[in-house]
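# Observations on the three-dimensional arrangement
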Amino acid sequence: MDDRALRISVLRAAHALFLSAGALRIIRGRRGHLLRSRDAWWLQYYPPLVWVPFVIAYFFPLPIDLPMTVRLGGLAIAIASAVFAAWAMWSLGRSYGIRMDLFDGHRLVTGGPYRFTRHPMYLGIVSFHFGATLAMESLALLAITLAYVIPFTVLRIRAEDRVLATGFGDEFRAFAGRVPAFVPFTR
């Protein structure tokens, strides 16, 4: 597999996430709000903003030389991560949204990938960045993931947990007590 094919494969995996988000937006239609998050706009729009560094690193990778087996392993991580994040989105169904708002008919999803982590989409996004770092041999993507994506993700998880605790009360607190926020099997 040549360099261009690897980069295109990474982009295709990323598109699985984007297409899932777009399809879910169409399927769920318009909904009335139950609870509007008051967090900053940049936390509300985490999903598209977390991909900006990936695009920058794609064009300015600061390349490092890695063996092809490591690069293919990174591609496998990126694809598996994209599929995992898409599974999380589809598990939410009509409860999915980019913003952290709660809507009419919103339910607390605790099955599917949510059995392992409360925020499987974010786990998928962060691990996608690590896989893409290896597949694209990008030191820039690694640095941006460590300095921007991970801290941004931690802030988003904290903010989203506050919204879910407000909206679902004891049901969410019980869920949070038995399922870790990010890293599976750490309880």
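You'll find the structure just up there.
A brief structural summary. Remember, it's a predicted structure, so these values are computed and weren't measured experimentally.

### Looking at the overall build of the protein
Helix and strand counts for the protein come out as 7 helices and 2 strands. Listing each helix as α and each strand as β along the protein from the N terminus yields α-β-α-α-α-α-β-α-α. Of all 187 residues assigned to the protein, the portion counted as buried reaches 47%. Taking the contacts inside the protein whose residues are at least 6 apart along the sequence as the reference set, 85% of them involve residues at least 24 apart. When the accessible surface of the protein is totalled, it reaches about 9,500 Å², and 67% of it is carbon and sulfur.

### Considerations on the nonpolar core
Within the largest apolar cluster, 44 residues are counted, with the highest numbers of intra-cluster contacts made by Val10, Phe54, Tyr114, Met121, Phe128 and Phe172. For this core, the secondary structure elements donating two or more residues are helix H1 (3-28), helix H4 (52-59), helix H5 (68-92), helix H6 (120-135) and helix H7 (139-178). The biggest single contributor to this core is H7, with 12 residues. Discounting chain neighbours no more than four positions away, the residues touching Phe54 are Val10, Leu11, Phe128, His129, Ala132, Met136 and Leu141.

### Examining a nonpolar patch on the surface
Together, Val52, Val55, Ile56, Phe59 and Phe60 make up a nonpolar patch on the protein surface, roughly 520 Å² of accessible area in all. For Val52, the position within the fold is in helix H4. Relative accessible area serves as the criterion here: at 42%, Val52 is assigned to the partly exposed category.

### Let's talk about the side chain of Ser37
Inspection of the secondary structure assignment puts Ser37 in the loop between strand S1 (33-35) and helix H2 (41-44). Within the structure, Ser37 has its side chain in polar contact with the side chain of Asp39 (distance 3.0 Å). Not counting the four nearest positions on each side in its chain, Ser37 is found in contact with Gln44, Arg99, Met100, Asp101 and Val163.

### Some words on the packing of aromatic side chains
If you walk through the whole model with that rule in mind, you get 7 aromatic pairs. Here the aromatic rings of Tyr46 and Tyr122 are separated by 5.0 Å at their centres, their planes lie at 75°, and the arrangement is edge-to-face. In this pair, Tyr46 is assigned in helix H3 (residues 46-49) and Tyr122 in helix H6, connecting sequence segments 76 residues apart. Comparing Tyr46 with Tyr122 shows no difference in burial state: the two are buried.

Calculation criteria
Residues numbered from 1 in each chain as written. Predicted model: local features only at pLDDT ≥ 70, side-chain atom pairs only at ≥ 80, totals over all residues. Heavy atoms only, no water. Helix = DSSP H or I, 4+ residues; strand = E, 2+ residues; numbered from the N terminus. Buried < 20%, exposed > 50% of the residue type's maximum accessible area, 1.4 Å probe, protein only. Contact = heavy atoms within 4.5 Å. Areas by Shrake-Rupley, 256 points an atom, 1.4 Å probe, with all protein chains shown as cover. Core = buried A, V, L, I, M, F, W, Y, C linked by side-chain atoms within 4.5 Å. Patch = residues over 30% accessible without salt bridge, like charges linked within 9 Å, V, L, I, M, F, W, Y side chains within 5 Å. Salt bridge = Lys/Arg side-chain N within 4 Å of Asp/Glu carboxyl O. Polar contact = N/O pair within 3.5 Å; in protein donor to acceptor, adjacent residues only side chain to side chain. Phe/Tyr/Trp six-rings, centres within 6.5 Å; stacked < 30°, edge-to-face > 60°.

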